[in-house]
Amino acid sequence: MALSDSVTTCLSPPVHYVICKLGFEKKDTYDINNILSENDEVCWQAVTEHVCYLESDQSVDYIKSIRSLGPVCESVNLHLKSLTKEQFVIQYALWFRWTNCTELFLEVFDVLQDTETTEVALGLMKLTSCLERALGDVYLLIGKDCPFLLRDLLASEQLAVVFGQAVMNVLRVFIGSPYGLNLRNVLWHGFASPQEIPAKYCAMLLFLTAGLGQLLQTYLMQTKCILVHRPYVTFMSLDELGIFPGKYLVISKFLLYLLLFHYLNHETLSVAEELVKLSSFVLKTMLPFWMAALTAFKQSRYADCVILLLPQLEVGLRLLFTTTNKCPNRLLTAEVKFLSKVNYDIMLAKRLDNEEVNQLPAVLQEPAMASEFLWDFLNHQEGPRIRDRLSHGEINLQAFPREAANQIVAFAITLLCRFSDEDMFAFKEHMVIKPLMNCASCYRSQFHPISRLKKQVLECMKSIHLWPELPTVPEEHVQMIKGLEGNAEASALILMISEIVSQLQQYMPQNFYSSGDRIDSVLTERLLTELCDTHICTLYSPRPVLETVVVFRKISTQCHQVSEKVIASTELRYKQWMNKTLRSRQRHNYRRMLNSIKFLSPVLRLILVLITLELVNIHLVSKKNPLEYQQYLKFLKSILQYTENLVTYTSPEKNKWDETMELTNKTLIRIRKISDRNLMLMQLAT
């Protein structure tokens, strides 16, 4: 029997007891009128008196509190079920406005009228994320930097000032504290199956949210404060998500399957439903979550689909992680000390806590693909960080993009298929599944710093390519400036660039350089595109690699700023020249600028090509001894300093074109010298 069939719960016995049994031990019938006034307001004192405290330090006694609040939750659940939708809206809708998600809380009420446990769990996940976001907005009435973790937010002095410490302690019994029910984390990390989450806890949190709205209204009236809601994070488009490399990678079989990955059709989803029932990646107790996720996708409820699916991907990967690393106890626990650790971060790490190598990537068969995809979507700071943003309420659920859901569902299907029995060969070869598998195998990280650097370099080169098209005055109007054009210094500058390019020739792709070629015809966007198409492993990048890439990115950013300033200045001065509004000194400076940018263009191109060639061999950074590494970083930082100075010198306020050329000459000498000393990574590669 597969382990996925034998596992009946992912909650350890103590946690299972706390969530599924503790709140049912007291059989008392609690009168709803004790905590609900005639005006339908929550009587908080009657609620807070059920929170118990330890005699030792007066901290919350979570076990006794859960036991005491159990009958109260049951009473609230029965009360809400007794209301019609119209009655509920009349009595409570007003008190949800402070969350900026009134409709969502009304939907949770609808869910409570049903017996479908999966929908209750989904409703609770959405409720807790939106409640956290709303509480963060309240925090900012007093505080400045809102805590990232819910447990820190609920324990903050700022919320205690607004709602009262006793009220916050009630919330901590249900969410936020790893010693309480901890409903949010248990669900979002995929430890609880649908039938393990009592509906009465969802009802109680719905009820308490309305009560918080009542308390907040009183506070706002007393303080004359205005609650401001932070804007949601938005994903502008598929390109903004950066999921696919169509912007800057050459056409490949990856792009041939682009549409299939973008638009999952009904047939694909039908096959996925069959895979869910048969794949060893799915715990049978979690099957309802998978089916509900696919149903949500069919119904265009894309946020619901991803909210349901992300915890299940974590469960499946945790199953593989604990099996391959021989630590099965870590699958079957949601204990305090493990709950925050056995998640994506540790499952994607190179090594385990005991420093042994993590075996999960090898088991994934396409370790780079699976890990890079997960890091891209969930972890990288410049990525969409979908799980974080959904679970913390940072995304407008109504506007969640289908494109993002497509990627998560398609990735899930490839895992379902990869971890299926051999007798499921027909599924793997199915006409709608095989293209997805092929597509997944070609995935390359889009949000790792290395990937972002590639994008930056190409965007910068595109900007520089615009320079020849910029409007300039007729050549006969541009008088040659003595001391720049045609003198020995200018010739030496061109010669030096040519020598450096010649040195780089052996490290460039074939057919990109011939002796006698003009520099601009060598240092092109096509060359950079070819170099950026080189696959660079981004998984488990060591610290020296990341430090070096940080400097590369800063250099690229400064080069782009220089290009944008040159473009803006050239267009402005041309317009002023044609309108004859330039003074004599300004005309003189304009001519110097036009002559200077003729030399500046190949220099910036050279720097971009140089750092890209270095990037291709970035793995060799770790092979340098400490002294060589520091020398190398010092060289790179000198280039960075040069580009930062260029940004200043080329600004319309400064216009220091003579200084620009002098600084450029010194920098080229430095580049040639460091190249002669064979300290460059590309030289180490040969």
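Keep in mind the model is a prediction, meaning the values are calculated, not measured.

A. Region of interest: the packing of aromatic side chains. Enumeration according to the criterion identifies 14 aromatic pairs in this entry. When the centroid spacing of 5.9 Å and the interplanar angle of 35° are considered together, the rings of Phe-88 and Phe-96 count as tilted. Here the aromatic rings of Phe-373 and Phe-411 are separated by 4.3 Å at their centres, their planes lie at 15°, and the arrangement is stacked. Taken together, the residues Phe-373 in helix H22 (residues 367-379) and Phe-411 in helix H24 (residues 402-418) connect sequence positions 38 residues apart.

B. Up close: unusual backbone geometry. The phi torsion at Lys-224 lies on the positive side, around 65°, for a residue other than glycine. One can find Lys-224 in the loop between helix H12 (199-223) and helix H13 (238-241). Even without being a glycine, Asn-655 presents a positive backbone phi close to 55°. Considering the arrangement of structural elements, one finds Asn-655 in the loop between helix H33 (626-649) and helix H34 (657-676).

C. Representation of the packing of helix H16 (residues 266-278) against H24. For the pair H16 and H24, interaxial distance at closest approach is 10 Å and the crossing angle is 45°. Between H16 and H24, the angle is such that the two are oblique. For H16 against H24, the interelement crossing comes out left-handed. Contact with H16, carried on its side by Thr-268, Leu-269, Ala-272, Leu-275 and Val-276, involves Val-409, Ile-413, Leu-416 and Cys-417 of H24 and no other residues of that element. In the contact of H16 with H24, the residues fall into eight nonpolar, one polar and no charged.

D. Spotlight on helix H17 (residues 287-298). Here H17 is twelve residues long and its end C-alpha atoms lie 17 Å apart, about the 16 Å a rise of 1.5 Å per residue gives. For H17, the full list of buried residues reads Phe-289, Trp-290, Ala-292, Ala-293, Leu-294, Ala-296 and Phe-297. Check the buried side of H17 and you find it contacts helix H7 (117-139), H16, helix H18 (302-324) and H24.

E. The arrangement of helix H6 (residues 102-112) in detail. With eight of eleven residues buried, H6 is to be regarded as a mostly interior element. Taken residue by residue, H6 has Thr-102, Leu-104, Phe-105, Leu-106, Val-108, Phe-109, Val-111 and Leu-112 as its buried positions. Elements that come into contact with the buried residues of H6 comprise helix H4 (62-82), helix H5 (85-92), H7 and H12.

F. Highlighting the environment of Leu-269. Following the sequence through the fold, Leu-269 ends up in helix H16. Residues Leu-269 and Val-409, spaced 140 residues apart in sequence, show a C-alpha to C-alpha distance of 9.1 Å. Every residue in contact with Leu-269, bar those within four places of it in the chain, is listed here: Leu-294, Phe-297, Lys-298 and Val-409.

G. Examining the packing of H7 against H12 more closely. For the pair H7 and H12, interaxial distance at closest approach is 10 Å and the crossing angle is 20°. Taken together, the axis directions place H7 and H12 in an arrangement best described as roughly parallel. Seen along the crossing, H7 lies across H12 with a hand that is left-handed. When H7 is examined against H12, the residues Val-120, Leu-124, Leu-127, Thr-128, Leu-131, Leu-135 and Val-138 are found in contact with a partner set consisting of Ala-199, Cys-202, Leu-205, Leu-206, Thr-209, Leu-212 and Leu-216.

H. Spatial organisation of the environment of Phe-191. Examined against the element boundaries, Phe-191 turns out to sit in the loop between helix H11 (183-188) and H12. The buried category is assigned to Phe-191, whose relative accessible area is 0%. With 121 residues separating them along the chain, Phe-191 and Gln-312 place their C-alpha atoms 9.0 Å apart.

Calculation notes
Residues numbered from 1 in each chain as written. Predicted model: local features only at pLDDT ≥ 70, side-chain atom pairs only at ≥ 80, totals over all residues. Heavy atoms only, no water. Phe/Tyr/Trp six-rings, centres within 6.5 Å; stacked < 30°, edge-to-face > 60°. Helix = DSSP H or I, 4+ residues; strand = E, 2+ residues; numbered from the N terminus. Axes fitted to C-alpha atoms, helices over the stretch in contact; angles between N-to-C directions. Parallel < 35°, antiparallel > 145°, perpendicular 65-115°, else oblique. Left-handed = near helix turned anticlockwise from the far one by under 90°. Contact = heavy atoms within 4.5 Å. Nonpolar A, V, L, I, M, F, W, Y, C, P; charged D, E, K, R; others polar. Expected span 1.5 Å × (residues − 1). Buried < 20%, exposed > 50% of the residue type's maximum accessible area, 1.4 Å probe, protein only.

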